[in-house]
Amino acid sequence: MSNKNSILSTALANYDRTAQMLQGEVDSDLLLKIRQPKERIEVTLGPLLGDNKLHLFKAFVVRHSEAMGPAKGGIRMTDSVSIDDVTGLAMEMTWKCALIGVPFGGGKSGIVADPAKLTKHDKEIIIRSFARNALRHIGPQVYVPAPDMGTNEQDMGYIKDAISFSMGKATTQGCYVTGKPVILGGIPGRREATGNGVVICITEAFKTMDMKIRGATAIVQGFGNVGSVAAIGLHRLGVRIVAVSDLYGAVADEKGLDIEALIEHTKRTGSVKDFPQGRQIDGKKMLEMPCDVLVPAAAANQITADNAPNIKAKIIAEGANGPTSPQADEILTKRGIFTIPDILCNAGGVFVSYLEYTQETQQEQMTEEEVNDRLKKRMTEKFHQVYELSRQRKITMRESAMYIGVKNVCQAMIARGYLS
Ligand code: NAD
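Residues numbered from 1 in each chain as written. Predicted model: local features only at pLDDT ≥ 70, side-chain atom pairs only at ≥ 80, totals over all residues. Heavy atoms only, no water.

Visitor: Sorry, what's going on with the packing of helix α1 (residues 7-22) against helix α3 (residues 83-100) here?
Guide: The axes of two packed helices give the description: the angle between them and the distance between them. Where α1 meets α3, the closest approach of the two axes is 7 Å, and the angle between their N-to-C directions is 35 degrees. In this structure, α1 meets α3 at a crossing whose hand is left-handed. Residue-level contacts link Ile7, Leu8, Ala11, Leu12, Asn14 and Tyr15 of α1 to Asp84, Asp85, Thr87, Gly88, Leu89, Met91, Glu92 and Trp95 of α3. Taken together, the residues of the contact of α1 with α3 sort by class into 8 nonpolar, 3 polar and 3 charged. (Axes fitted to C-alpha atoms, helices over the stretch in contact; angles between N-to-C directions. Helix = DSSP H or I, 4+ residues; strand = E, 2+ residues; numbered from the N terminus. Left-handed = near helix turned anticlockwise from the far one by under 90°. Contact = heavy atoms within 4.5 Å. Nonpolar A, V, L, I, M, F, W, Y, C, P; charged D, E, K, R; others polar.)

Visitor: Could you clarify how one ought to interpret the environment of Ile202 in this entry?
Guide: As for its position among the elements, Ile202 is in helix α6 (residues 190-208). For the pair formed by Ile202 and Gly107, sequence separation is 95 residues and the distance between their alpha carbons is 27 Å. With near-sequence residues (within four places) excluded, Ile202 lies in contact with Ile213, Leu234, Val293, Val295, Ala317 and Ile340.

Visitor: Please explain the site of the ligand as it appears in this structure.
Guide: Near the ligand you find 23 residues, and of these Arg76, Asp148, Thr194, Ala298 and Asn321 are the closest. Gly150 is positioned such that a nitrogen or oxygen atom in its backbone is 3.0 Å from an oxygen atom of the ligand. Take Gly319: an N or O atom from its main chain is 3.4 Å from an oxygen atom of the ligand. If the ligand stood free it would expose 840 Å²; the protein chains cover 85% of that surface. Those elements that place two or more of their residues in the shell around the ligand are α6, α7 (225-236) and β8 (240-246). Residue composition of the shell around the ligand, by class: 8 nonpolar, 11 polar and 4 charged. (Near = heavy atom within 4 Å. Polar contact = N/O pair within 3.5 Å; in protein donor to acceptor, adjacent residues only side chain to side chain. Areas by Shrake-Rupley, 256 points an atom, 1.4 Å probe, with all protein chains shown as cover.)

Visitor: For this particular structure, what's the right way to read the nonpolar core?
Guide: One recurring pattern in soluble globular proteins is that nonpolar side chains are buried together. Ranked by size, the top nonpolar core spans 85 residues in total, and within it Ile202, Ile259 and Ile340 carry the most contacts. Tallying contributions element by element places helix α14 (residues 397-416) first for this core, with 10 residues. Discounting chain neighbours no more than four positions away, the residues touching Ile259 are Phe223, Ala231, Ile232, His235, Ile241 and Val244. Counting residues in each nonpolar core, the second largest holds 27 residues, with Ile138, Tyr143, Met156 and Ile163 among its members. (Core = buried A, V, L, I, M, F, W, Y, C linked by side-chain atoms within 4.5 Å. Buried < 20%, exposed > 50% of the residue type's maximum accessible area, 1.4 Å probe, protein only.)

Visitor: Honestly, the side chain of Thr87 in this entry has me stumped. Any pointers?
Guide: You can see Thr87 is positioned in helix α3. By relative accessible area, Thr87 is classed as buried at 5%. When residues no more than four places from it in sequence are discounted, the contact partners of Thr87 are Leu8, Pro37, Arg40 and Val62.

Visitor: Help me understand a nonpolar patch on the surface, please; the structure alone is not making it clear to me.
Guide: Side chains of Leu48, Leu54 and Leu56 sit close together on the surface and give an oily, nonpolar patch of about 340 Å² of accessible area. Turning to its location among the elements, Leu56 is positioned in the loop between β1 (39-45) and β2 (57-65). (Patch = residues over 30% accessible without salt bridge, like charges linked within 9 Å, V, L, I, M, F, W, Y side chains within 5 Å. Salt bridge = Lys/Arg side-chain N within 4 Å of Asp/Glu carboxyl O.)

Visitor: Help me understand a negative patch on the surface, please; the structure alone is not making it clear to me.
Guide: Together, Glu364, Glu369, Glu370 and Asp373 give the surface a local cluster of negative charge. Looking at the element boundaries, Glu364 is found in the loop between α12 (348-361) and α13 (368-393). (Lys, Arg positive; Asp, Glu negative; His and termini not counted. Charge placed at Lys NZ, Arg CZ, Asp CG, Glu CD.)

Visitor: Quick question: what am I supposed to make of the packing of aromatic side chains here?
Guide: Within a pair of aromatic rings, the relevant descriptors are the distance that separates the centres and the angle that separates the planes. What the rule picks out here adds up to 6 aromatic pairs. Between Phe104 and Tyr357 the ring centres are 5.1 Å apart and the planes differ by 85 degrees, which places this aromatic pair in the edge-to-face class. A residue pair is termed long-range when its members are at least 10 positions apart, and Phe104 in the loop between α3 and β5 (105-112) and Tyr357 in helix α12 qualify at 253 residues. Aromatic side chains Phe338 and Phe383 sit 6.4 Å apart centroid to centroid with 45 degrees between the ring planes, which places their arrangement in the tilted category. Here Phe383 lies in helix α13 and Phe338 lies in strand β13 (residues 338-340), a separation of 45 residues in the sequence. The residues Phe338 and Phe383 share a single accessibility class, namely buried. A network of ring pairs unites the aromatic residues Phe104, Tyr354 and Tyr357 as a single cluster. Lying across the ring of Tyr403, Arg393 places its NZ or CZ 4.6 Å from the centre. (Phe/Tyr/Trp six-rings, centres within 6.5 Å; stacked < 30°, edge-to-face > 60°. Lys NZ or Arg CZ within 6 Å of the ring centre and 35° of its normal.)

Visitor: So what exactly am I meant to see when it comes to the domain arrangement of the protein chain here?
Guide: Taken domain by domain, the protein chain holds domain 1 (37-186) and domain 2 (191-345). Placing a centre on the C-alpha atoms of domain 1 and another on those of domain 2 gives a separation of 27 Å. Taken together, the contact between domain 1 and domain 2 spans 11 residues of the former and 8 residues of the latter. Both sides of the domain 1 and domain 2 interface together cover about 780 Å² of buried area, and 58% of this is carbon and sulfur. Run the count over domain 1 and domain 2 and you get 0 salt bridges. Inspection of the domain 1/domain 2 interface yields 1 residue pair in polar contact (both at pLDDT 80 or more). Of the residues forming the side of domain 1 that touches domain 2, the biggest block, 5 residues, is contributed by α3. Here the side of domain 1 that touches domain 2 is composed, by residue class, of 5 nonpolar, no polar and 6 charged. (Domains from an automatic or database assignment. Buried area = accessible area lost by both parts, 1.4 Å probe.)

Right, here's the structure in full:
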């Protein structure tokens, strides 16, 4: 069946397609070289948890490329994350940073633990244990982590504290982690940046397709950081959010869900499930319901060859990393569904992380207004760069985004020379 795709195999398939497009333009040895991660590290954490027992957890740090600068990418904390997943995600970060135009390479880390099954205190201990044990692989010129699935702003605060404490200092010199609480040197607007970037891309897609956004309909899969911010942003633009799902359930209302009330419900109960104003539906089937925009903002490999023929959305905006399998991608392209690829659509987070990095390096402060203005300008500019190239070359938005990202990395490698 079509569900054999892993995060790494999807990342490699997207890369191989791009490398083929670049044959003749870029040295083929260079294309082989950047197909490989630069470094994959496995760390064993063994903290004493609240039950006074020692527990073992695996953690991974992968730096895929540092041609453009220090590796950048979030920490994923789930019970199933593997070093190959982290490698695929790190690779995607390389192209994303290069596409969106920030001087970072691609990195990612993973902690194998299910945050939903941990007490708040135990999660804090594991995050601090990760910071201490992976410290030699983290730093402003090495790898700068951020939140990803299963980790949040508070966890980044613990990481900053653990690192500065290890150094015997009140703070760190330079930026070791982004997505921190604003009070600890985080930047206003970072928490919302990925979801807001998704909304900016959707708005531009509507304009290019000559469609009106007010009154349009959307479905959002995943109601965490990215999904909930994207949903509220679309709701405020007059889009009817007709269905939302998370790991535990899904709710629908054709008249449009009250997203503010749904956020309150999720804060209270931990899930969208049993939201009283919506009808309970099947989360998988939800992806096939009629709507103008589908926003996958949860796990990878959700749109597969099995459901792609039945998807009714006109636009797919990939808030998640790798939500579409390569086989599904082909089906969607043939069906004329406009896909805004992950490396463009969810790049708002890493763009604002870069603003946080520069703010901390220069010991400056930026206002939320400045951050949001710069985010809007950059996302809009990059959306149109990718769109124009896709039109000129008659290629998909994913092919266009990957072509620009990979080519930029190749140019950085050529500029550095071939010695490493
Ligand atoms: P999160 O942990 O805050 O939320 C994840 C949400 O997805 C939760 O509501 C969870 O219940 C739901 N979910 C997980 N698996 C699901 C499934 N199979 N079906 C339905 N719902 C499911 O994570 P997040 O930070 O919002 O990240 C979501 C996605 O966006 C991930 O793919 C992540 O890599 C990507 N992303 C996040 C950021 C960021 O800044 N946080 C940046 C770029 C990309």
